[in-house]
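# An overview of the molecular structure
Here are the chains, one letter per residue:
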Amino acid sequence: MSTVKMNVEGKTIEFPSITGSESKKALDISNLRAETGYVTLDYGLKNTAVTKSSITFLNGEEGILRYRGYPIEQLAEKASFLEVAYLLIYGELPTLDELDKFTSGVTNHTLIHENMKKFFEGYPQHAHPMGVLASMTCALSSFYPESLDPNQEEKAIDQTILRLIAKTATIAAWSYKNSVGHPVMYPQNRLDYSANLLYMMFAKPTEPYEINNKVVSALNKLLILHADHEQNCSTYTTRVVGSSQASLYAAVSAGIMALWGPLHGGANQAVVEMLQKIYDDGGASKENINKWIARFKDKESGQRLMGFGHRVYKNFDPRATIIKKAADEVLDDLNVDDPLLDIAKELEFAALNDSYFIDKKLYPNVDYYSGLLYRAMGIPTDMFTVMFALGRLPGWIANWKEMVEDKQPITRPRQIYIGENKRDYMPIEGR
Ligand code: ACO
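Residues numbered from 1 in each chain as written. Predicted model: local features only at pLDDT ≥ 70, side-chain atom pairs only at ≥ 80, totals over all residues. Heavy atoms only, no water.

### Focus: the site of the ligand
Contacts to the ligand come from 22 residues, most closely from Lys299, Arg304, Leu305, Gly307 and Lys360. Separating an oxygen atom of the ligand from a backbone N or O atom of Gly307 is a distance of 2.8 Å. Within the backbone of Phe308, a nitrogen or oxygen atom sits 2.9 Å from a nitrogen atom of the ligand. Coverage of the ligand by the protein chains reaches 78% of its 920 Å² of free accessible surface. Its residues placed into classes, the shell around the ligand shows eleven nonpolar, five polar and six charged. (Near = heavy atom within 4 Å. Polar contact = N/O pair within 3.5 Å; in protein donor to acceptor, adjacent residues only side chain to side chain. Areas by Shrake-Rupley, 256 points an atom, 1.4 Å probe, with all protein chains shown as cover. Nonpolar A, V, L, I, M, F, W, Y, C, P; charged D, E, K, R; others polar.)

Dropping the structure here:
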């Protein structure tokens, strides 16, 4: 085992170095505080690996993303969402028999308790569906009190996993129905996961609903592309909450909350809202695009080019490349002429040729084109992040399961206290 030596106040300490797959290197500083009294300060955890994991490999410099070793490009092209969910959660691609069992397990759990239907009536119609999804996911736990313990036998955990994957889709679709004041549509077991989701969102009891296979296939691809992304904000949140041995329901609903923010999964909604503003302000003219680019570069404006930049990718986000192509194809197939797509392309071109974005290595991320694709599929803007959450669910579950199986300790970081030193209480009349 190789070590790295560090001199701290004249004392030499040795830290074991760890080499992961693909020659990724790290320092194990577990003994740092005990040996030196020092802790590390790393805002945003930019230099800190919070765990070892064998789920997803990401190389931000080269734009590589693999789930369990399989390149994202191959999975997006060839696999189904539930097949990828199985791969992430259980570590291997399923056999035909395993996939059949997993798929029918999900299908047989899509109904939610009838009492939960009443919860929807309590939300205001304008409630953001991410808030509804997070609170209803946590509420699921109250119907399955026997499944709250994360250390149960494997069979019981598998059952909770199936329930979560199946029921969150129903909750998501019904939160949309609630927002438009339509009756909910019950799941259809004859349909696959993506088709059923679209059915529950868009079918009406008054007329037949025709499944559009091109939309189903685009949704399947989008869900796969979002399915995991190593230690992102929402996945790490899921691990943090799960590390206290709170239930999987609690951990996942915390992950949904973290995803909601515009700097994370909420960016897909923010991108389309930004493109709409640019469109309303003067469209795709060179002059208008340049004006907006200048605004995004100016920190005083408080506006960022949403859908650009990534904590880890300092090159093209491979998911963005796949989604851009899919957006072009789907818009073409569905004969959708979306002026926001033209704005997105002009803006991307201008940014990629501007020294500000080049120097800071800011490229389009997964959310830059995903919103346009969702829009073309008829999905309303405030449901974009919900679709992302459904896609990311297997990744959250896989990370939670890995953490529980590894018996990792509760997450409890240190801080550097910079407040007042000890002082005595002053009675109110003396203050
Ligand atoms: N537009 C303009 N400037 C940007 C942008 C942007 N989209 N992104 C980063 N920058 C600038 C910052 O102002 C900063 O400049 P400085 O060094 O002069 O201070 C520099 O680039 C580095 O940015 P940070 O915010 O420090 O980088 P960080 O890794 O912390 O943030 C993030 C990454 C949050 C994704 C950021 O790029 C961003 O806000 N992007 C827009 C929101 C977005 O698209 N989020 C979705 C990410 S993908 C996902 O979560 C699914």
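### So, the packing of helix α7 (residues 154-180) against helix α8 (residues 193-202)
Closest axis-to-axis distance for the α7/α8 pair is 8 Å, and the angle between their directions is 25°. One way to sum up the angle between α7 and α8 is to call them roughly parallel. Here α7 and α8 pass one another in a crossing that is right-handed. Two secondary-structure elements touch here, α7 through Ile165, Ala169, Thr170, Ala173, Trp174, Tyr176 and Lys177 and α8 through Tyr193, Leu197, Met200, Met201 and Phe202. Its residues assigned to classes, the contact of α7 with α8 comprises ten nonpolar, one polar and one charged. (Axes fitted to C-alpha atoms, helices over the stretch in contact; angles between N-to-C directions. Helix = DSSP H or I, 4+ residues; strand = E, 2+ residues; numbered from the N terminus. Parallel < 35°, antiparallel > 145°, perpendicular 65-115°, else oblique. Left-handed = near helix turned anticlockwise from the far one by under 90°. Contact = heavy atoms within 4.5 Å.)

### Considerations on the sheet that holds strand β1 (residues 3-8)
Spatial strand order, β1-β2-β3: three strands in an open sheet with antiparallel pairing. For this open sheet the edge positions go to β1 and β3 (25-27), each flanked by a neighbour on one side alone. For this sheet the average axis-to-axis angle between neighbouring strands, irrespective of direction, equals 30°. The pairing of β1 with strand β2 (residues 11-19) spans six bridges and is classified as antiparallel. For Lys5, the partnering residue across the bridge sits in β2 and is Glu14. (Pairing = 2+ DSSP bridges.)

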